[in-house]
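Examination of the molecular architecture
Residues per chain, in single letters:
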Amino acid sequence: MAQTLPLVSIYLPKPYRKDEIETRLTCSMKKGIEQAFYTEYKETYLVYTRFNVITFINWDKDSIVKALEKLGVENAPAFERHYLYQDYPIEIDASLSSACNVYNERIVLKEPLTLYLVIIALIVSQSVGLEKYEQDLSLHFEGSQRLLDLTQHYSLFRRSKIIVFARTLSAIQHAMVSDLFLLDKPNILWDNAEAEKLYNRLSSILELKDRFEIVEHKLSHLKDDISMALDLINHRHSEVLEWIIIVLIGFEIVMGLIEFFKA
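Everything quoted here is computed from the prediction, not taken from an experiment.

A few words on the overall build of the protein chain. For the protein chain, the helix and strand inventory stands at 7 helices and 10 strands. Across the 263 residues in the protein chain, those meeting the buried criterion constitute 41%. For the protein chain, restricting intrachain contacts to residue pairs at least 6 apart in sequence, the fraction spanning at least 24 positions comes to 67%. Accessible surface for the protein chain amounts to roughly 14,900 Å². Of this, 55% is attributable to carbon and sulfur atoms.

What follows covers the pairing of strand E4 (residues 36–41). The pairing of strand E3 (residues 30–31) with E4 spans 2 bridges and is antiparallel. Within E4, the residue paired with lysine 31 across the bridge is phenylalanine 37. The pairing of E4 with strand E5 (residues 44–49) spans 6 bridges and is classified as antiparallel. Bridging from a neighbouring strand, glutamate 40 pairs with tyrosine 45 of E5. Linking two consecutive strands that pair antiparallel, namely E4 and E5, is a turn of 2 residues; a positive phi of about 55° is found at lysine 42 within it.

Mean pLDDT over the protein chain stands at 83; residues scoring 70 or higher make up 83%. Per-residue pLDDT, averaged within each element of the protein chain, yields its smallest value for helix H5 (residues 156–180) (67) and its largest for strand E2 (residues 7–11) (97).

Before going further, it helps to spend a moment on a nonpolar patch on the surface. Taken together, Ile245, Ile249, Ile253, Leu257, Phe260 and Phe261 make up a surface patch of nonpolar side chains, about 680 Å² in accessible area. Structurally, phenylalanine 260 is set in helix H7 (residues 208–262). Taking relative accessible area as the criterion, phenylalanine 260 reaches 60% and is therefore assigned exposed.

The next point concerns the pattern of salt bridges. All told, the structure shown has 8 salt bridges when counted by the stated rule. Measuring nitrogen to oxygen at the nearest pair gives 3.3 Å for the salt bridge that ties glutamate 20 to arginine 24. Residue glutamate 20 and its partner arginine 24 are both found in helix H1 (residues 18–25); the two are separated by 4 residues, about one turn of the helix. Of the charged contacts, one joins arginine 211 and glutamate 134 as a salt bridge, the two residues approaching to 3.0 Å between their closest N and O atoms. Of this pair, arginine 211 sits in helix H7 while glutamate 134 sits in helix H4 (residues 114–149), and the two are 77 residues apart along the sequence. What you see here is one network of salt bridges that share partners, running through Glu91, Glu105 and Arg106.

Each value, and the rule that gives it
- Residues numbered from 1 in each chain as written.
- Predicted model: local features only at pLDDT ≥ 70, side-chain atom pairs only at ≥ 80, totals over all residues.
- Heavy atoms only, no water.
- Helix = DSSP H or I, 4+ residues; strand = E, 2+ residues; numbered from the N terminus.
- Buried < 20%, exposed > 50% of the residue type's maximum accessible area, 1.4 Å probe, protein only.
- Contact = heavy atoms within 4.5 Å.
- Areas by Shrake-Rupley, 256 points an atom, 1.4 Å probe, with all protein chains shown as cover.
- Pairing = 2+ DSSP bridges.
- pLDDT = per-residue confidence, 0-100.
- Patch = residues over 30% accessible without salt bridge, like charges linked within 9 Å, V, L, I, M, F, W, Y side chains within 5 Å.
- Salt bridge = Lys/Arg side-chain N within 4 Å of Asp/Glu carboxyl O.

Right under this line is the structure:
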């Protein structure tokens, strides 16, 4: 009879240091793959990634809630309603002919090897982290039109708001690429064909590459719009400066004429 290990990955409301996780949950975490740290106790696993996602494998709901409360997470008993999360059941079936099989609704392993469990936790964590960027980007899309409307009239305040928005988009893009590690396959997989198969299959099912490319496209589109808006505002800024210079020159001419006729 197959054993089922429930997996739940949760996006935490704030970042934690590795040592902070260890202190609050009274555990010692080992280095996993791609900045993923894990700890194992009996048949349970805890995996934490630097992009703010914590994964519980074979934990019951009460134990997850208690761990979240120790981390100071608000609304821990109702984390499903307040925080982004994904779950994925892992079945252990010793009769399996291969090391692993991945389906849309579950993962089946021949045996619960730590490497495989950490790989699964990492990929599901990447999916949750990517979902956070997708959600944030949707909010930025809603606000981008309002910022673009500001280009109809020039002011230093509007210009500074658009510059701040452009910096925010660049920060999102940099963080997404550097933190999620979606562009590079972990080196450890090159020497383990079954682990690589698990990584590739689960990444494909969760559509990490396609979702990443969509987010990248949206970010590029937004950055192009903001770049165009800044060009328009800079052009208006130049026009304002030109008119100021013309007015000053005109003022100097008028004052010169007044002095001339007085003399």
